[in-house]
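Observations on the model geometry
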Amino acid sequence: MNQVTIPAPQVLLAEVTHRCPLQCPYCSNPTELIKNDKEISTTDWGRVFSEAADLGVLQVSISGGEPAARRDLTELIRAARDADLYVNLITSGIGLTRGRLDDLVEAGCDHIQLSLQDVDSEGAKLISNMDRSLERKLDFARWVRELSVPLTVNAVMHRLNLDRLSETIELALELGARRLEVANVQYHGWAALNKQVLMPTQEQSSRTNQIVAEARESLNGRLLIDYVPVDHYAEYPKSCMNGWGRVALIVAPDGSVLPCHNATTLEHLSFPNVRDQSLSTIWYESPAFNAYRGDSWMPEICRSCDRKEIDFGGCRCQALAITGDASAADPVCSRAYPHALVISTDNDPASSDLDTEDQIMYRPNS
Amino acid sequence: MTVDLIPPSVTPQFDYGVRLKHDKVRERYVVLGPEILIELNQTGTAIMSEIDGQSTITDIISRLATRFEVNQNDITQDVVEFCTSMVMRRVLRT
């Protein structure tokens, strides 16, 4: 096997809690949540941030769950800034008062990413299972703007709201966002349970591509639009996490360290914990992080493929979930699976006739 | 996509939430911002280090010309194009 050169990580995703006031059916967290009493302490996080910075990490995204569910969020942000990291806060905006937001910004929060369920109040309620969630988010976005903190709107899109994509782009502009993420639901974790309800039709998917392309052209320089297409309609795998153990690492609420945030579904791997080992040892030496680096683990069709430096073999969790083999080619790949379209045959939402409100399986609050 | 170049008379500054940082692990300068991580080469670093919110692009060109002992006309196009690209990516605002 060729010796793999391991680059230093650039990005840390700090999932500080799995608690969340919302119950979105597309929750990207694993089906098995980490409980409150297993969460690592403020001091532990401080050490994680400083070890991450020493390792080469430049940006941290403080995420969850809803990070505001942690009472020490201000201290966490301050600790990350003290370590000289660029601090992104990824929030639903629910549970943060104006006063608390002032504190977070004063502590050094550099950028806020606000999730948006829908531009329509009823639609937002249907997804979040919370009254007036949209209205509260709009207030929050206004405060962020008043504090001159850059705002990204993360609009999670699916069959029930994709027809309001143009209005979503309008709203992001109105809110003064500098970035909009048009993020189609990725059907992992809890979201997989709601695939039947949320998977967009092929027609919606094509129309989305068109609307995004037009908006990018007309709003160039005013609003940056990042676009995560529906994976299942893609021809090639996405570059999951920019490659396993290449750019980013995730620290879960209990201190376990993961190369991707659904990696716990790979039960044959054991994931190290920041309570037991340094981040450096975990990144460079742990079997879990080395499992899918380079190409020696790949099936021949991937190892000989010219796209292996583009998508690094795609998503391991999806390979396991669909083929039963975590080392198999990503099921999305049309080169590896020219005839059997493993995914798109198991669900044809266009032909299903579902009573959506009854079918939604909400994520229970932990 | 063709883009209009910004005029050299403008005064660029870092946009909100964007900053320059010395990446000590990789011994280089980077621009950090919302979902932004730009690795700068020597030229990029030289230009970005001159952004102070006070100087026009013309001022910056003149200082760089002196510092690197080159003719202003030889670097004007490069500096304007670089700053324009940074404005389009909302790293700089004018």
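Check the entry above for the structure.
Side note on the overall build of chain B
Of regular secondary structure, chain B possesses three helices and five strands. Counted from the first residue to the last, chain B has its helices and strands arranged as β-β-β-β-α-α-α-β. If you line up chain B on its principal axes, its C-alpha atoms span 35 × 30 × 25 Å. Here chain B holds 94 residues, and the buried ones make up 26% of them.

Digging into the interface of chain A and chain B
Listed as interface residues are 18 residues of chain A and, on the opposing side, 13 residues of chain B. Broken down by class, the residue content of the side of chain A that touches chain B amounts to six nonpolar, nine polar and three charged.

Quick word on the packing of helix H1 (residues 42-55) of chain A against helix H2 (residues 73-82) of chain A
Residues and elements named next belong to chain A. At a minimum axis separation of 9 Å, H1 and H2 run at an interaxial angle of 25°. Between H1 and H2, the angle is such that the two are roughly parallel. Of the two possible hands of crossing, H1 and H2 adopt the one that is right-handed. Together, Thr42, Trp45, Gly46 and Phe49 of H1 and Glu75, Leu76, Ala79 and Ala80 of H2 make up the contact between the two elements. Considering only residue class, the contact of H1 with H2 consists of five nonpolar, two polar and one charged.

Focus on the pairing of strand S3 (residues 86-91) of chain A
Residues and elements named next belong to chain A. Among the six residues of S3, six are classified as buried, and the element is accordingly described as predominantly covered. The side-chain alternation of S3 yields two buried faces, one formed by Tyr86, Asn88 and Ile90 and the other by Val87, Leu89 and Thr91. Read from strand S2 (residues 59-63) through H2 to S3, the crossover connection turns out right-handed. Bridge count between S3 and strand S4 (residues 111-116): four bridges; the pairing is parallel. Bridge assignment links Asn88 to a residue of S4, and that residue is His111.

Some points on helix H8 (residues 202-218) of chain A
All names here are of chain A. Relative to the 24 Å expected for 17 residues at 1.5 Å per residue, H8 spans 25 Å between its end C-alpha atoms, a close match to the ideal helical length. Among the residues of H8, those classed as buried are Gln204, Thr208 and Ala215. Each buried residue of H8 lies within a common arc of 40° when the element is viewed along its axis, so the set occupies one face. Of the exposed residues in H8, the ones pointing more than 90 degrees away from its buried face are Glu203, Ser206, Gln210, Ala213, Glu214 and Glu217.

Some remarks on the sheet that holds strand S2 (residues 19-23) of chain B
All names here are of chain B. Strand order in the open sheet formed by three strands is S2-S3-S4, and the pairing between neighbours is antiparallel. Of all the strands in the sheet, just S2 and strand S4 (36-39) have a single pairing partner and so form its edges. Averaged over all adjacent pairs, the angle separating strand axes in this sheet is 30°, with direction ignored.

Remarks on the pairing of S2(B)
Residues and elements named next belong to chain B. Two elements, S2 and strand S3 (residues 28-33), share five bridges in a ladder whose sense is antiparallel. Looking across to S3, one finds that Lys21 is bridged to Val30. Hairpin remark: S2 followed by S3, antiparallel, with four residues in the connecting loop; positive phi at Glu27, about 50°.

Considerations on the sheet that holds S2(A)
One key point about sheets: their strands pair by backbone hydrogen bonds, in either a parallel or an antiparallel sense. All names here are of chain A. The strand order S7-S6-S5-S4-S3-S2-S1-S8-S9 describes an open sheet built from nine strands, whose pairing is mixed. The open sheet terminates on both sides in strands that have one partner only, identified here as strand S7 (224-228) and strand S9 (257-258). Bridge analysis of strand S1 (residues 11-15) against S2 gives five bridges, and the strand direction is parallel. Of the residues in S2, the one forming a bridge with Val11 is Gln59. Across the sheet, helix H5 (residues 133-146) is in contact with S4 and strand S5 (151-157); its angle to S4 comes to roughly 165°.

Looking at the packing of helix H4 (residues 121-128) of chain A against H5(A)
Residues and elements named next belong to chain A. The interhelical angle for the contact between H4 and H5, taken along N-to-C directions, is 105°, at an axis separation of 7 Å. As the angle between them shows, H4 and H5 are arranged roughly perpendicular. Between H4 and H5, the contacting residues are Ser121, Ala124, Lys125 and Ser128 on the first element and Ser133, Leu134 and Glu135 on the second. Within the contact of H4 with H5, the residues separate by chemical class into two nonpolar, three polar and two charged.

Comments concerning helix H3 (residues 72-88) of chain B
Residue and element names in this part refer to chain B. If you check H3, its first and last C-alpha atoms are 24 Å apart, about what 17 residues at 1.5 Å a residue would give, namely 24 Å. Restricting attention to buried positions, one finds in H3 the residues Ile75, Val79, Cys83, Thr84 and Met86. Each element contacted by the buried residues of H3 is listed here: helix H1 (42-49), helix H2 (57-67) and strand S5 (92-93). Following H3 by one or two positions, Arg90 has its phi on the positive side, about 60°.

Points about the environment of A:Gln202
Structurally, A:Gln202 can be placed in helix H8. For the pair formed by A:Gln202 and A:Val230, sequence separation is 28 residues and the distance between their alpha carbons is 9.4 Å.

Procedures and definitions
Residues numbered from 1 in each chain as written. Chains lettered and ligands numbered in written order. Predicted model: local features only at pLDDT ≥ 70, side-chain atom pairs only at ≥ 80, totals over all residues. Helix = DSSP H or I, 4+ residues; strand = E, 2+ residues; numbered from the N terminus. Buried ≥ 20, exposed ≤ 12 C-beta atoms within 10 Å, placed from the backbone. Contact = placed C-beta atoms within 7 Å. Nonpolar A, V, L, I, M, F, W, Y, C, P; charged D, E, K, R; others polar. Axes fitted to C-alpha atoms, helices over the stretch in contact; angles between N-to-C directions. Parallel < 35°, antiparallel > 145°, perpendicular 65-115°, else oblique. Left-handed = near helix turned anticlockwise from the far one by under 90°. Right-handed = clockwise from strand over helix to strand, strands pointing away. Pairing = 2+ DSSP bridges. Expected span 1.5 Å × (residues − 1). Arc of directions from axis to C-beta.

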